[in-house]
Amino acid sequence: AVCIRPAVGWAAEKGRIPRGLAAAVLVVMLVGSFLALLAWGCGRAVSELEGLMVRLGQGDTGFGVTLTEVQDWMRSVSSHLPFLKRFEHTPDFAAFCDRLDAWVWEAANSGLTALGRWASGAVMTVVGGIPASVLFVTVLLLSCYYFAADDGSLGRAVTHRLPHSVHRYLSGQGARGRSVLRRYLRSYLIL
């Protein structure tokens, strides 16, 4: 509302458009721009993930090394370590491999079960939060509209009820706050 209020004032004075109409149009444009930027960002993220999946499916790790090269390197390391070969000839090696295999499958199964429980809880949290989100967005849009459409009478009504010393102090704090915010934004733009 603070960002579009000057544009609403300009449209009302120069363009002779009613403040309410100008505020509504500018709020819709601001929200539309935000949603378009959000949709573009989500689309870009999905396309990047698709590209990553294609590269991984082709065996490319993205680090200039293919998955088959990594597997070959692991085999060459194991062939250079003779104590690993000695374990293959022990009588309990097959039983150890079976227990290890069962442990890996059990860990994967419990991990997938925990992931499923977490995912269902996350979905329920998201679904449960939809009414609060809709209410938040509705209040946000309405308040943005009304604050942008206000011609300053709300601020004048509040300051009229405050003592002069408090009004002077708050206006000084507002000027300092705007100055600090400008310097902060300028430094981030430079960075």
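Definitions and cut-offs
- As a convention, each chain's residues are numbered from 1 in the sequence order in which they are written.
- It should be noted that, the model being predicted, local features are given only for residues of pLDDT at least 70 and side-chain atom pairs only at 80 or more, the latter also being counted only at that level, while totals for whole chains, interfaces and linings use all residues.
- Side-chain metrics rest on all non-hydrogen atoms present in the structure, leaving aside hydrogens and water.
- Numbering of helices and strands runs from the N terminus, with a helix taken as a DSSP run of H or I at least four residues long and a strand as a DSSP run of E at least two residues long.
- The cut-offs for exposure are 20% and 50% of the maximum accessible area for each residue type, with area from a 1.4 Å probe on protein chains only; residues under the lower value are buried, those over the upper are exposed, and the others partly exposed.
- Only heavy atoms matter for contacts: two residues are in contact if any of them lie within 4.5 Å across the pair.
- In this text, buried Ala, Val, Leu, Ile, Met, Phe, Trp, Tyr and Cys residues form a nonpolar core when linked through side-chain atoms within 4.5 Å.
- By definition here, a salt bridge exists when the distance from a side-chain nitrogen of Lys or Arg to a carboxyl oxygen of Asp or Glu is within 4 Å.

Caption draft 1: Structural detail: the overall build of the protein. Counting its regular elements, the protein contains seven helices and zero strands. Counting from the amino terminus, the protein carries its helices and strands in the arrangement α-α-α-α-α-α-α. The buried share of the protein, taken over its 191 residues, is 7%. Expressed as a percentage of contacts within the protein between residues at least 6 apart in sequence, the contacts between residues at least 24 apart total 53%.

Caption draft 2: Focus on the nonpolar core. Membership of the largest hydrophobic core is limited to ten residues, which are Ile-4, Val-8, Ala-11, Ala-22, Ala-23, Leu-26, Val-27, Cys-144, Ala-148 and Ala-149. Secondary-structure elements contributing two or more residues to this core are α1 (5-13), α2 (19-57) and α5 (93-149). Examining the composition of this core, we find that four residues originate from one element, α2, more than from any other.

Caption draft 3: The arrangement of the environment of Pro-6 in detail. Inspection of the secondary structure assignment puts Pro-6 in helix α1. The exposed category is assigned to Pro-6, whose relative accessible area is 55%. Residues Pro-6 and Ala-148, spaced 142 residues apart in sequence, show a C-alpha to C-alpha distance of 8.5 Å.

Caption draft 4: A look at the pattern of salt bridges. Per the stated rule, a full pass over the model turns up two salt bridges. Where Arg-5 meets Asp-150, a salt bridge forms, and the shortest distance between an N and an O atom there is 3.1 Å. With Arg-5 in helix α1 and Asp-150 in the loop between α5 and α6 (153-161), the pair connects residues that are 145 residues apart, well separated along the chain. In this structure Arg-5 comes out as partly exposed when scored by relative accessible area, which is 32%.

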